[in-house]
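Tertiary structure, described
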Amino acid sequence: MRLKGILYFSVFLLFATSVQAQKFLDKPFTSWSRENAMDVITASPWAKIYQNMSASASADMREAARSQSDNRLSGQERGRSERSGGTAPVIARLHSATPIRQALVRLNQLASGYDKMDTQQKVAFDEKAKGLLECAICQSHYVVTMTQAPNTSGQSVEEAIFQGMTFEQMKGNIWIEDEQGRKRELVQFIAPQKRGDSAVFFFPRKDDSGQVLFSESSKEVNVVFNNNFLVTSNRFSSLVPRRYEFMVSKMKFGDTAAF
């Protein structure tokens, strides 16, 4: 899939470059370049990437030791061992924030040749993209996605992050909270079906009194995992941090912060 390939390549660049002020956000998303859109979904205030470097180093050392000590490995097996690069990075995105969805639509536009379409073709394309762009459930829920990319050696992952997990297994083990510890519990979870897919988490915007969790006065948006969830018996525990932290002061989109 072309978009997936672009995403993987962009992820590798993140480890060598710093994110500059994204002035293009002030412009209509239909004018964004591919680089602009990729910046939003991989290296923006609404997208945080994590890679467990200690786990990667341990895995690399194990693979190196295995390769050096086992001279009976076939050429094919040795090649597979040497290509291991440890754990793969996982990107958490605030999907309910408008810039993320606009960037995804823009990437689809560019992949489909949208800028060269006639008016009728653009209208048809826009109609199909409306669901993603408007995201009806985002009006009542904070939506977070997590996507696992290949490791830094370019080796593909075997499965998507939290693939095969159920809502019952995730409930109580992930939540969102502000800097004061006020939080929203998980109310819906969509597990990825195959590698390259995203895990999707839904948290209600309002509490029983009708108050939203995050506002202009908030300082942080935190996606938090239960410590009891991050144990060795959980095969995904080394792939995610205790928390992903998003700074509200950097999440300005137009005149307001986007969640």
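Residues numbered from 1 in each chain as written. Predicted model: local features only at pLDDT ≥ 70, side-chain atom pairs only at ≥ 80, totals over all residues. Heavy atoms only, no water.

**Observations concerning the pairing of strand β2 (residues 90-94)**
Most of β2 sits out of view: 5 of its 5 residues are buried. Residues V90, A92 and L94 of β2 are buried on one face, and the alternating residues I91 and R93, pointing to the opposite face, are buried as well. Pairing geometry for strand β1 (residues 47-50) and β2, over 4 bridges, is antiparallel. Of the residues in β2, the one forming a bridge with K48 is A92. Sheet topology note: the β2/strand β3 (residues 141-148) ladder contains 5 bridges and is antiparallel. Within β3, the position partnered with R93 by the bridge is T145. (Buried < 20%, exposed > 50% of the residue type's maximum accessible area, 1.4 Å probe, protein only. Helix = DSSP H or I, 4+ residues; strand = E, 2+ residues; numbered from the N terminus. Pairing = 2+ DSSP bridges.)

**Here's the deal with the packing of aromatic side chains**
Throughout the structure, instances matching the rule amount to 12 aromatic pairs. Seen from their ring centres, F24 and W32 are 5.4 Å apart, and the 80° between their planes marks the pair as edge-to-face. Pairing F162 with F229 gives two aromatic rings, centres 5.9 Å apart and planes at 45°, and the pair type is tilted. With F162 in the loop between β3 and α7 (167-170) and F229 in the loop between β8 (220-225) and β9 (243-247), this residue pair connects regions lying 67 residues apart in the sequence. (Phe/Tyr/Trp six-rings, centres within 6.5 Å; stacked < 30°, edge-to-face > 60°.)

**Comments concerning empty space enclosed by the protein**
Summed over all chains, the structure comprises 1 cavity of 30 Å³ or more. Counted as a void, the largest cavity has a volume near 50 Å³. As for the largest cavity, its lining consists of L94, S96, Y142, V143, V144, I176, F214, V221 and F259. Of the residues in the lining of the largest cavity, the class split is 8 nonpolar, 1 polar and no charged. (1 Å grid on protein atoms, 1.4 Å probe; cavity = no way out; pocket = protein on both sides within 12 Å on 5 of 7 lines; lining within 4 Å. Points joined across faces, edges and corners; volume = space filled by probe spheres on them. Nonpolar A, V, L, I, M, F, W, Y, C, P; charged D, E, K, R; others polar.)

**Let's talk about helix α6 (residues 119-134)**
Owing to its 3.6 residues per turn, the α-helix brings residues three or four apart onto one side. The first and last C-alpha atoms of α6 sit 21 Å apart over 16 residues, in line with the 22 Å expected at 1.5 Å per residue. Of all bends in α6, the biggest is about 40°, found at K128. For α6, the capping residue at the N-terminal end is D118, with a side-chain oxygen 3.2 Å from the backbone nitrogen of Q120. In the segment just after α6, C135 is the residue with positive phi, at about 45°. (Expected span 1.5 Å × (residues − 1). Bend = angle between axes of the 7 residues up to and from the residue. Polar contact = N/O pair within 3.5 Å; in protein donor to acceptor, adjacent residues only side chain to side chain.)

**A few points about the environment of G254**
Among the structural elements, G254 can be located in the loop between β10 (252-253) and β11 (256-257). Overall, G254 belongs to the exposed group, its relative accessible area being 60%. It is 9.6 Å that separates the C-alpha atoms of G254 and K27, two residues lying 227 residues apart in sequence.

**Structural notes on the confidence of the model for the protein**
In this model, the protein carries a mean pLDDT of 84, and residues with pLDDT of at least 70 account for 76%. Of the regions scoring below 50 in pLDDT, residues 1-6 engages in 8 contacts with residues more than four places distant in sequence or in other chains. Per-residue pLDDT stays below 50 along residues 8-20; that stretch engages in 23 contacts with residues further than four places along the chain or on separate chains. (pLDDT = per-residue confidence, 0-100. Contact = heavy atoms within 4.5 Å.)

**Thoughts on the pattern of salt bridges**
Scanning the model with the defined rule gives 8 salt bridges in all. E177 is the salt-bridge partner of R243, the closest N and O atoms lying 3.2 Å from each other. Taken together, the residues span a long stretch of sequence, with R243 in strand β9 and E177 in strand β4 (residues 174-177) at a distance of 66 residues. A relative accessible area of 11% places E177 in the buried class. Of the charged contacts, one joins K183 and E185 as a salt bridge, the two residues approaching to 3.5 Å between their closest N and O atoms. Assessed through its relative accessible area of 38%, K183 is described here as partly exposed. Overall, E185 belongs to the partly exposed group, its relative accessible area being 33%. (Salt bridge = Lys/Arg side-chain N within 4 Å of Asp/Glu carboxyl O.)

**What about the environment of I49?**
Mapping I49 onto the fold places it in strand β1. According to the relative accessible area criterion, I49 is partly exposed, its value standing at 29%. Distance in space between the C-alpha atoms of I49 and R93 is 8.8 Å, their sequence separation being 44 residues.

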